[in-house]
Amino acid sequence: MDDPAAGRFATGSHDLPVSETLASFMTRDWAPSGKPLPARLTVAPYAEKRRAALSALFPGERLVLPAGPPKVRSNDTDYRYRAHTAYVHLTGDTGADTGTGAVLVLEPTGAGHDAVLYHRPRSPRDDAGFFRDRRHGEFWVGPRAAPAETEEKLGLACAPLDDLAGALRGRVPTRVIRRVDPEVDHAVPARAPEPDAELAACAAELRLVKDDWEIAQLQAAVDHTVDGFTAVAAGLARVTGMPRGERWAEGTFERVARIRGNGVGYDTIAAAGAHACVLHWTRNDGTLRLGEMLLLDAGVETDTLYTADITRTLPVSGWFTPRQRQVYDLVYHAQEAGLAAVRPGARFRDFHMAAMRVIAEGLQDWGVLRSAEDALDPESGIYRRYTLCSSGHMLGLDVHDCSAARASQYLDGVLRPGHVLTVEPGLYLQPDDLTLPPELRGIGVRIEDDVLVTETGARLMSSALPRHPEEIETWMQSLKG
């Protein structure tokens, strides 16, 4: 028989027609959930302070921050859901219990704003959606929290998502984080791009200085990442020569990431040999060979969605060759110079330039550059042929956090206590680069660590993972035991 309800729900190749008898049978004889209300999340008071800070910037205006819908991977299959960063930061909600497509609305009042989180309530058993809708139905994706549960967990008023359209009506000036949820964009026509861009920038800038709760989450992400690197290093000897051994390294790390946290914070880079000269090598289909190195750039994302970002370049055999050690030593000393430049009051760009000066001078000593000073001149910058990109970025809920922040507050700003950033100089000596001596071609090295700016200097959050080449060799030999 034809199934008239089929068009109401997201469907796919697994769906079969539903008879009236089955539909009737499916909607009766279900026990109430009987679940006690959950405990208040520890993030709730911090998220409340963040909302208050955003509210103070936009008096009298409605602010709309969507979590976003699921993203299609292929046909009727979605990627694993990840809520939008600004929404997560201001609510503490990851979407694990509320489901997809929630929206935070800050409605202006005389005293500031009232915050309401709109999300889909638990699937009612008198509607076929709970077993028919493959994108939102409970039988397909699991149960959602009831509004009362979400309110208790987050300390935030909740309302059904179906009420959102009515809440967005009216002549109240409204700003939206755009290009996250097409339905929200359609419901609130843009007045001009500038007001919405300002909201996105301010929401990003709120994340520049991490609070104590965020710092603890980031430290947990770093600690779990150290576990992942250790698991990879411990198994290298067993998979040397294995086809697609890079994928073994990737999979080993990602298994730890899924056990310790939500997963990886970004696609893992497992680049062996000359693949390390490709900055974002994620194909990871190469072989791990004796005499070569593995550049592993990876980070665990916690269940609260904060990610680490660490890179180590490891000799597959456990020992550096003389040429590898030559390149590694230069990058190590560059990183040391970069780390020494991280302190409150320093310009954000200072640590990069400190590292690049060491790189340029080293390349001059090798005869690759004629003059480090000329190469470092902004009108030239030719040292970048061998290192190319910036030596670090802010870190938090996004691996490249706060990217929508204004340059004056971030790239051209100064470091402050509570900033968390990476310091990650690298040298990428391409295998076909005729400006290099043949013995250096095809060697890529990056060393990356996560750093917290403190009141008096900086703390290396990833200090548990060896960096110095001799420490790396000792560590790798100990793991073979």
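Residues numbered from 1 in each chain as written. Predicted model: local features only at pLDDT ≥ 70, side-chain atom pairs only at ≥ 80, totals over all residues. Heavy atoms only, no water.

### Digging into a nonpolar patch on the surface
A cluster of nonpolar residues, Trp-30, Phe-139, Trp-140 and Val-141, forms a patch on the protein surface that exposes about 400 Å² of accessible area. Tracing the backbone through its elements, the reader meets Phe-139 in helix α5 (residues 138-141). (Patch = residues over 30% accessible without salt bridge, like charges linked within 9 Å, V, L, I, M, F, W, Y side chains within 5 Å. Areas by Shrake-Rupley, 256 points an atom, 1.4 Å probe, with all protein chains shown as cover. Salt bridge = Lys/Arg side-chain N within 4 Å of Asp/Glu carboxyl O. Helix = DSSP H or I, 4+ residues; strand = E, 2+ residues; numbered from the N terminus.)

### Notes on the sheet that holds strand β4 (residues 103-109)
Strand order in the open sheet made by the five strands is β6-β5-β4-β1-β7, with mixed pairing throughout. Each edge of the open sheet carries a strand with a single partner, namely β6 (157-160) and β7 (174-176). Each adjacent strand pair in this sheet contributes to an overall mean axis angle of 25°, direction not counted. Across four bridges, the pairing between strand β5 (residues 112-119) and β6 is parallel. By the bridge assignment, Val-116 is partnered in β6 with Ala-157. (Pairing = 2+ DSSP bridges. Axes fitted to C-alpha atoms, helices over the stretch in contact; angles between N-to-C directions.)

### A closer look at helix α2 (residues 44-57)
An α-helix turns once every 3.6 residues. As a result, residues three or four positions apart point the same way. With 14 residues, α2 should reach 20 Å at 1.5 Å per residue; the first-to-last C-alpha distance of 21 Å fits that figure. Within the sequence span of α2, burial applies to Ala-44, Ala-47, Arg-50, Arg-51, Leu-54 and Ser-55. Seen end-on, α2 carries its buried residues on one side only, within an arc spanning 140°. In α2, the exposed positions angled more than 90 degrees off the buried face are occupied by Lys-49 and Ala-56. (Expected span 1.5 Å × (residues − 1). Buried < 20%, exposed > 50% of the residue type's maximum accessible area, 1.4 Å probe, protein only. Arc of directions from axis to C-beta.)

### Remarks on the sheet that holds strand β12 (residues 310-315)
A sheet is described by the order of its strands in space; here three strands give the open sequence β9-β10-β12, paired in antiparallel fashion. The sheet is open, and its two edges are formed by β9 (269-272) and β12, each paired on a single side. When strand polarity is set aside, the average angle formed by the axes of neighbouring strands in this sheet is 10°. Both strand β10 (residues 293-298) and β12 contribute to a ladder of six bridges, which runs antiparallel. If you follow Ala-298 over to β12, its bridge partner there is Ile-310. Sheet strands touched by helix α11 (residues 245-260): β9 and β10. Its angle to β9, the strand with the most contacts, is close to 150°. (Contact = heavy atoms within 4.5 Å.)

### Digging into the packing of helix α12 (residues 322-340) against helix α15 (residues 469-480)
Packing of α12 against α15 leaves a shortest axis separation of 10 Å and a crossing angle of 120°. Touching Arg-325, Tyr-328, Asp-329 and Tyr-332 of α12 are Pro-469, Glu-470 and Ile-472, all from α15.

### As for unusual backbone geometry
Phi angles above zero are rare outside glycine, and Arg-244 is one such case at about 55°. Examined against the element boundaries, Arg-244 turns out to sit in the loop between α10 (212-239) and α11. Residue class for Arg-244 comes out partly exposed when judged on its relative accessible area of 47%. Look at Leu-388: it is not a glycine, yet its phi comes out positive at around 65°. Residue placement: Leu-388 occurs in the loop between α14 (372-376) and β13 (420-423). Exposure remark for Leu-388: the relative accessible area of 46% places this residue in the partly exposed category.

### Considering the packing of aromatic side chains
For the structure on display, the rule yields nine aromatic pairs. Considering the side-chain rings of Trp-213 and Tyr-306, the 5.7 Å spacing of their centres and the 75° angle between planes classify their relative orientation as edge-to-face. Of this pair, Trp-213 sits in helix α10 while Tyr-306 is found in the loop between β11 (300-301) and β12, placing the two residues 93 residues apart along the sequence. Seen in terms of ring centroids, Phe-348 and Phe-351 are 5.3 Å apart; in terms of plane orientation they differ by 85°. Their pairing is edge-to-face. On the basis of relative accessible area, Phe-351 is assigned to the buried category, the value being 0%. For the cation-ring pair, Arg-125 lies above Trp-30, with the distance from its terminal atom to the ring centre recorded as 5.3 Å. (Phe/Tyr/Trp six-rings, centres within 6.5 Å; stacked < 30°, edge-to-face > 60°. Lys NZ or Arg CZ within 6 Å of the ring centre and 35° of its normal.)

### Comments concerning the pairing of strand β1 (residues 62-66)
Within β1, five of the five residues are buried, which leaves the element mostly enclosed by the surrounding structure. Residue alternation in β1 divides its side chains into two sets, Arg-62, Val-64 and Pro-66 and Leu-63 and Leu-65, and both sets are buried. Sheet analysis places β1 next to β7, joined by three bridges and oriented parallel. Across the sheet, the residue bridging to Arg-62 is Thr-174, located in β7. For β1 and β4, the ladder comprises four bridges, and the chain directions are antiparallel.

### Observations regarding the side chain of His-89
Its location among the elements puts His-89 in helix α3 (residues 85-91). Beyond its immediate stretch of four places on either side in the chain, His-89 contacts Ala-47, Arg-50, Leu-206, Arg-207, Glu-214, Tyr-306 and Leu-397.

### Structural notes on the pattern of salt bridges
Summed over the entire model, instances satisfying the criterion amount to 32 salt bridges. Among the ionic pairs, Arg-62 bridges to Glu-107, the shortest N-O distance being 2.8 Å. Taken together, the positions of Arg-62 in strand β1 and Glu-107 in strand β4 put the pair 45 residues apart, joining distant regions of the chain. In this structure, Asp-329 engages Arg-325 in a salt bridge whose closest nitrogen and oxygen atoms are separated by 2.8 Å. Of this pair, Asp-329 and Arg-325 both sit in helix α12, four residues apart, roughly one helical turn. For Asp-329, a relative accessible area of 23% puts it in the partly exposed group. Given a relative accessible area of 23%, Arg-325 falls into the partly exposed group. Within the structure, one salt-bridge network assembled from shared partners comprises Glu-61, Arg-175, Arg-191 and Glu-198.

In short, the description is geometric, and any link to function would need to be established separately.
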